[in-house]
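Listed below, chain by chain, are the residues.
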Amino acid sequence: MNSRYNSVDELQLALGEQDYIAERGLTVAIYLALKTGKPLFLEGDAGVGKTEIAKVLAALLETQLIRMQCYEGLDVNTAVYEWNYAGQILHLRLMEGARRHSPDSEDMSREAMEDELFSQRFLLKRPLLQAIEQSQDGSAPVLLIDELDRSDEEFEAFLLELLSDFQITIPELGTIAANVPPVVVVTSNRTREIHDALKRRCLYYWIDYPHFRKELNIVERKAPDVPPMLARQITAFIQDMRSMELFKRPGIAETLDWTAALIALDQNELSLETVQDTLGVILKYQDDVEMLDATTIQNMIERAKVEAQRAG
Ligand SMILES: Nc1ncnc2c1ncn2[C@@H]1O[C@H](COP(=O)(O)OP(=O)(O)OP(=O)(O)O)[C@@H](O)[C@H]1O
Ligand SMILES: [Mg+2]
């Protein structure tokens, strides 16, 4: 399969160059997915870096990213292909009109008309068909099937079939098969369990919230202008916050947004006032915000400062 990287270390370095910090376990999973051609199935809470992996992989492999966002009610028409009915009807009318104007011209046979109406010209290609078609010319794209847990089980069953043979049959046109299967990344936020049958086809990795060093590393990469002490305090504060009983714990996305907010406010250190003013950047539920009264925040800031000193 894809042999651009000859070792896990080499891949880890390359991911780092794309500003993606991956621990060893995750890097091994990505490496094996590339080597074996198996889809990579990533599960984890919101904002831990699942979608980003597909984007970074497309950049690394210098190929296109085809994204399929899943949602409830997603069907084959939206995922694979659809006929452009409006276009077909218009074309049919034009053909009829042309025939009326020149009645002497040879009539098109019924089959020929159907062939014309059900040709590539009127085929609307959706992400899964696009991914398979693009794989025909040998340059496999990265196919991201994002948030599969949001789709129905019916769609999941269809996907299982697709992932096993990477081909799609369109009754009017025939079978289209991928020469080189796309690099597939499937993500789930685990709002429901994905069936074992699908998981079995994939390499599975659970992306946890990052530990302190990983998160600090991400903050420093993604926000190079952040004062070093502030970066450590932010990271320690967020790590502390994740140990609380919150309705929605902050992901890495929130850490990065908060960092940007504190830089915009010219902060060098955490203070009670700014933390209170900017809580809405990290917490998106009022119940969670209410849990953080002034005393709690003050204690958290003090702990974050100690931790930041120690990590310096
Ligand atoms: N390991 C990492 N290295 C660098 N940046 C990261 C990493 N993990 C997450 N990020 C950053 O955090 C943000 C959120 O990541 P992403 O959108 O991939 O999360 P997600 O797991 O797909 O979340 P959701 O479930 O909400 O879709 C992105 O801006 C991404 O750049
Ligand atoms: Mg995502």
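Residues numbered from 1 in each chain as written. Chains lettered and ligands numbered in written order. Predicted model: local features only at pLDDT ≥ 70, side-chain atom pairs only at ≥ 80, totals over all residues. Heavy atoms only, no water.

With respect to the overall build of the protein
(1) Moving on: On a plain count of helices and strands, the protein comes out with 15 helices and 9 strands.
(2) Moving on: Here the C-alpha atoms of the protein give a radius of gyration of 25 Å, more than 25% beyond the 20 Å that 2.2 N^0.38 yields for 312 residues.
(3) Moving on: Across its three principal axes, the protein shows a C-alpha extent of roughly 90 × 45 × 35 Å.
(4) Moving on: By residue count, 46% of the 312 residues in the protein fall in the buried class.
(5) Moving on: Of the contacts made within the protein by residues no fewer than 6 positions apart, 76% connect residues no fewer than 24 positions apart.
(6) Moving on: When the accessible area of the protein is evaluated, it comes to approximately 15900 Å², of which 48% is carbon and sulfur surface.
(7) Moving on: Distance from the positive charge centre (32 side chains) to the negative charge centre (52 side chains) of the protein: 3 Å. (Helix = DSSP H or I, 4+ residues; strand = E, 2+ residues; numbered from the N terminus. Rg over C-alpha atoms; globule rule 2.2 N^0.38 Å. Buried < 20%, exposed > 50% of the residue type's maximum accessible area, 1.4 Å probe, protein only. Contact = heavy atoms within 4.5 Å. Areas by Shrake-Rupley, 256 points an atom, 1.4 Å probe, with all protein chains shown as cover. Lys, Arg positive; Asp, Glu negative; His and termini not counted. Charge placed at Lys NZ, Arg CZ, Asp CG, Glu CD.)

Quick look at the nonpolar core
(1) Moving on: Formed by 32 residues in total, the largest nonpolar core has its most connected members in Leu128, Leu129, Ile145, Leu148, Phe155, Leu159 and Ile170.
(2) Moving on: When residues of this core are traced back to their parent elements, those giving at least two are strand 2 (65-69), strand 3 (81-83), helix 7 (127-134), strand 5 (142-146), helix 8 (153-165), strand 6 (167-170) and strand 8 (183-188).
(3) Moving on: Lining this core are residues from two domains, each supplying at least three of them: domain 1 (8-76 + 132-206) and domain 2 (81-122).
(4) Moving on: Once residues within four sequence positions are removed from consideration, leucine 159 is found in contact with Leu128, Ile145, Leu148 and Leu198.
(5) Moving on: Of all hydrophobic cores here, the second largest spans 31 residues; its members include Ile53, Val56, Leu57 and Leu61. (Core = buried A, V, L, I, M, F, W, Y, C linked by side-chain atoms within 4.5 Å. Domains from an automatic or database assignment.)

Let's talk about the domain arrangement of the protein
Interface size is commonly expressed as the accessible area that is lost once the parts come together.
(1) Moving on: Under the domain assignment used here, the protein contains domain 1 (8-76 + 132-206), domain 2 (81-122) and domain 3 (212-311).
(2) Moving on: Relative to domain 2, the C-alpha centre of domain 1 lies at a distance of 38 Å.
(3) Moving on: Across the boundary between the two partners, domain 1 contributes 7 residues, which contact 5 residues of domain 2.
(4) Moving on: For the pair domain 1 and domain 2, the summed buried surface comes to about 520 Å²; carbon and sulfur atoms form 60% of the total.
(5) Moving on: The interface formed by domain 1 and domain 2 includes 0 salt bridges.
(6) Moving on: Between domain 1 and domain 2 we count 1 residue pair in polar contact (both at pLDDT 80 or more) in total.
(7) Moving on: Partitioning the side of domain 1 that touches domain 2 into residue classes produces 4 nonpolar, 1 polar and 2 charged. (Buried area = accessible area lost by both parts, 1.4 Å probe. Salt bridge = Lys/Arg side-chain N within 4 Å of Asp/Glu carboxyl O. Polar contact = N/O pair within 3.5 Å; in protein donor to acceptor, adjacent residues only side chain to side chain. Nonpolar A, V, L, I, M, F, W, Y, C, P; charged D, E, K, R; others polar.)

Remarks on the site of ligand 1
(1) Moving on: As a matter of local geometry, ligand 1 sits amid 19 residues, with Ile21, Gly47, Lys50, Thr51 and Lys222 nearest to it.
(2) Moving on: The contact in question runs from a nitrogen atom of ligand 1 to an N or O atom on the backbone of isoleucine 21, over 2.6 Å.
(3) Moving on: Between ligand 1 and lysine 50, the relevant distance is 2.7 Å, taken from an oxygen atom to a side-chain nitrogen or oxygen of the residue.
(4) Moving on: In isolation ligand 1 has 640 Å² of accessible area, and contact with the protein removes 83% of it.
(5) Moving on: Of all the elements in the fold, those that place two or more residues in the shell around ligand 1 are helix 3 (50-60), helix 10 (212-222) and helix 12 (252-264).
(6) Moving on: When residues are assigned to domains, the shell around ligand 1 turns out to be shared by domain 1 (8-76 + 132-206) and domain 3 (212-311), each giving three or more. (Near = heavy atom within 4 Å.)

A few points about helix 8
(1) Moving on: Along its 13 residues, helix 8 runs 19 Å from first to last C-alpha, staying within 8% of the 18 Å computed at 1.5 Å per residue.
(2) Moving on: Among the residues of helix 8, Phe155, Glu156, Leu159, Leu162 and Leu163 are the ones counted as buried. Seen end-on, helix 8 carries its buried residues on one side only, within an arc spanning 120°. When the buried face of helix 8 is taken as reference, the exposed residues oriented beyond 90 degrees from it are Glu154 and Glu161.
(3) Moving on: Residues of helix 8 that are buried sit in contact with helix 4 (76-79), helix 7, strand 5, strand 6, strand 8 and helix 9 (196-201). (Expected span 1.5 Å × (residues − 1). Arc of directions from axis to C-beta.)

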